[in-house]
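In case you want the letters, here they are:
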Amino acid sequence: MKKILLLGLTALLGACSTMNATPHATLDGEVYYLERIGLPKTATYEVSLQDVSLADAPAVTLAKQSGQIKGQIPLPFHLTYDPAEIKPGHRYAISARIENNGRLLFINTEHNGVDLNAKSLQPIRVRVNPVAN
C-alpha cells in the first residue's frame, strides 16, 4: 500500500512540475563575416534577441548567448526566450558582436529582423562587419 501511495505522489509531483514549467521557444542561426581573416584565440562573441520597437529608447534584450569563441566562422548560436514576452505589433531583431580583450572587432551593421510569430523559423544568418580602429 505504501508503494502505491508513493508512486501516486511521485506521479502527481511530476505532473505539477511540468505544469509550472515556463514554456520556451528557440531561435537558431549563425554569425559570419566575409573577410578572410582568423579570429584571435581570446575572442568572445555575443548574440542577442531584442525588442527594437521604440526608436527613441534602448532595445530590450529578451535572450542572449555569449562566450569564448571555439573555432572559426561561422559561429552557431541557440537563443531560448519566453514567448509570453512577445508583444503583438512589436518588432524584434538579432544583434551580434565579436570582441577581443574588450575591443570591438566585428558588429552587425544591418537590421536583422525576425518574425517570432511565424509558424516555423528558418536558421538565421547574421553578418557582422569589421570595426575601423
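Residues numbered from 1 in each chain as written. Predicted model: local features only at pLDDT ≥ 70, side-chain atom pairs only at ≥ 80, totals over all residues. Heavy atoms only, no water.

- The name given to the chain in an unreviewed UniProt entry is Lipoprotein, with Pseudomonas helleri as the source organism.

## Let's talk about the sheet that holds strand β4 (residues 75-81)
Piece 1. Read from one edge to the other, the open sheet built from three strands follows the order β4-β1-β8, with strand pairing classed as mixed. Edge strands, defined here as strands with exactly one partner in the open sheet, are β4 and β8 (124-127). Sheet twist, expressed as the mean angle between neighbouring strand axes with direction ignored, is 30°.
Piece 2. Direction of pairing for strand β1 (residues 25-32) relative to β4: antiparallel, over a ladder of seven bridges. When the bridges of β4 are listed, A25 appears paired with Y81. (Pairing = 2+ DSSP bridges. Helix = DSSP H or I, 4+ residues; strand = E, 2+ residues; numbered from the N terminus. Axes fitted to C-alpha atoms, helices over the stretch in contact; angles between N-to-C directions.)

## Here we look at the pairing of β8
Piece 1. With burial as the criterion, only one face of β8 is covered, namely that bearing I124 and V126; the residues R125 and R127 on the opposite face remain uncovered.
Piece 2. With four bridges joining them, β1 and β8 adopt parallel strand pairing. Within β8, the position partnered with G29 by the bridge is I124. (Buried < 20%, exposed > 50% of the residue type's maximum accessible area, 1.4 Å probe, protein only.)

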